[in-house]
Amino acid sequence: MNSKLLLYSLAAVTLIACNQKSDESENIKKLLEKESATWRAGDGKGHAECWHIQPYSRILVSTIDGHTLDIPAIAMTNTDPKSMGNGGYAINTNYKMSIKENNAWVSHDEVSTAKDGKRSYSHEIRLVEKIKGEWKLVGQSIHFYKLE
């Protein structure tokens with residue numbers, strides 16, 4: 001009888017742990033989708049809410065033509081809406097993540113479609129931390145590429 005109780009207890013604890021990790025990954029995905037949407041909508045306030053700049057925050061962007069941009073992280077929370085996206089939408093796919101307590105890294109692919117229908121493609125790595133119970137972006141690396 002005790003062994004059955006132990007087995008059921010272990011199964012329950014395992015299910016709860018897996019469900020919590022699943023909930024966290026969904027919360028992180030929602031954050032990243034909000035960040036993409038607010039950028040394209042020119043919603044500076046909404047976009048800033050997705051970020052928590054740390055002393056080690058960094059934004060690196062590789063362009064299609066081989067240049068690398070090192071964007072000041074503060075630009076993510078203090079962006080002029082006129083320099084943000086100009087409509088359109090983005091679809092993020094192929095999420096892969098590692099969640100360790102209050103820190104996570106996430107990679108995903110993004111297809112952005114501008115208002116005029118032009119598409120851009122990127123592989124992205126995002127660094128997130130749980131700040132006061134909410135997931136926030138603290139860094140990212142974006143690598144644009146041409147679809148062959």
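The structure contained in this document is the topic of the report that follows. (Residues numbered from 1 in each chain as written. Predicted model: local features only at pLDDT ≥ 70, side-chain atom pairs only at ≥ 80, totals over all residues. Heavy atoms only, no water.)

## Examining the overall build of the protein chain
Helix and strand counts for the protein chain stand at 2 helices and 6 strands. Listing the helices and strands of the protein chain from first to last along the sequence gives α-α-β-β-β-β-β-β. Residues classed as buried in the protein chain amount to 34% of the 148 residues present. The contacts in the protein chain between residues at least 6 apart in sequence include a share of 51% that link residues at least 24 apart. For the protein chain, the accessible surface area stands at approximately 9,600 Å², while carbon and sulfur atoms represent 57% of it. (Helix = DSSP H or I, 4+ residues; strand = E, 2+ residues; numbered from the N terminus. Buried < 20%, exposed > 50% of the residue type's maximum accessible area, 1.4 Å probe, protein only. Contact = heavy atoms within 4.5 Å. Areas by Shrake-Rupley, 256 points an atom, 1.4 Å probe, with all protein chains shown as cover.)

## Structural notes on the packing of aromatic side chains
For the structure shown, the criterion picks out 1 aromatic pair. Their ring planes at 40° and their centres at 6.0 Å tell us that tyrosine 121 and tyrosine 145 sit as a pair that is tilted. Of this pair, tyrosine 121 sits in strand E5 (residues 119–131) while tyrosine 145 sits in strand E6 (residues 134–145), placing them 24 residues apart in sequence. (Phe/Tyr/Trp six-rings, centres within 6.5 Å; stacked < 30°, edge-to-face > 60°.)

## Some words on the pattern of salt bridges
One pass over the structure, following the stated rule, counts 9 salt bridges. Of the charged contacts in the structure, one is a salt bridge between glutamate 49 and lysine 45, with a shortest N-O distance of 2.8 Å. Residue classification places lysine 45 among the exposed positions, given a relative accessible area of 61%. Of the charged contacts in the structure, one is a salt bridge between lysine 136 and glutamate 134, with a shortest N-O distance of 3.8 Å. Classification of lysine 136 by relative accessible area gives buried; the value is 16%. (Salt bridge = Lys/Arg side-chain N within 4 Å of Asp/Glu carboxyl O.)

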